[in-house]
Amino acid sequence: MKEITVTVVDPVGLHARPATVAVNAASKFKSEVKVSYKGRTVNMKSIMGVMSLGIPTQSEITISCEGDDEDSAVKTIEDVLRAQKVIA
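Residues numbered from 1 in each chain as written. Predicted model: local features only at pLDDT ≥ 70, side-chain atom pairs only at ≥ 80, totals over all residues. Heavy atoms only, no water.

Chemist: Can you walk me through unusual backbone geometry in this structure?
Modeler: Peptide bonds are trans in most cases, and residues, glycine excluded, mostly fall at negative phi. Positive phi, normally seen in glycine, also occurs at Gln-58, with a value near 65 degrees. Along the chain, Gln-58 turns up in the loop between helix 2 (47-52) and strand 4 (60-66). Residue Gln-58 is classed as exposed on the basis of its relative accessible area, which comes to 58%. Of note in this structure, Lys-85 is not a glycine but carries a positive phi near 60 degrees. For Lys-85, the location among the structural elements is in the segment after helix 3 (70-83). (Helix = DSSP H or I, 4+ residues; strand = E, 2+ residues; numbered from the N terminus. Buried < 20%, exposed > 50% of the residue type's maximum accessible area, 1.4 Å probe, protein only.)

So, in structure tokens, the structure goes:
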């Protein structure tokens, strides 16, 4: 299992547009991809799941991937969120 912990720096938090981009990126991988915030963990391939976390700015989130392509999955999702200027 690969895991990264990052801080959300977008002033609006992890809102719909970057969440959709991240979900689309996660959905391209076979690995199980999850995001955790405040003790809750959801499938990162589900926009409803990700939005249900209501992640505000300055929050610490953990993205975990488990499966055959976990290395590239976690790297791609991190890159996508950095490109959207959501995480630092």
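From this point, the narrative continues.
Chemist: What is the right way to look at the nonpolar core in this model?
Modeler: Note on soluble globular proteins: their nonpolar side chains tend to be buried together. Core analysis: the biggest nonpolar cluster contains 26 residues, and Val-35, Met-44, Ile-61, Ile-63, Ile-77 and Leu-81 have the highest contact counts within it. Mapped by element, the contributors of at least two residues to this core are strand 1 (2-7), helix 1 (16-27), strand 2 (32-37), strand 4 and helix 3. (Core = buried A, V, L, I, M, F, W, Y, C linked by side-chain atoms within 4.5 Å.)

By themselves these figures say nothing about function.
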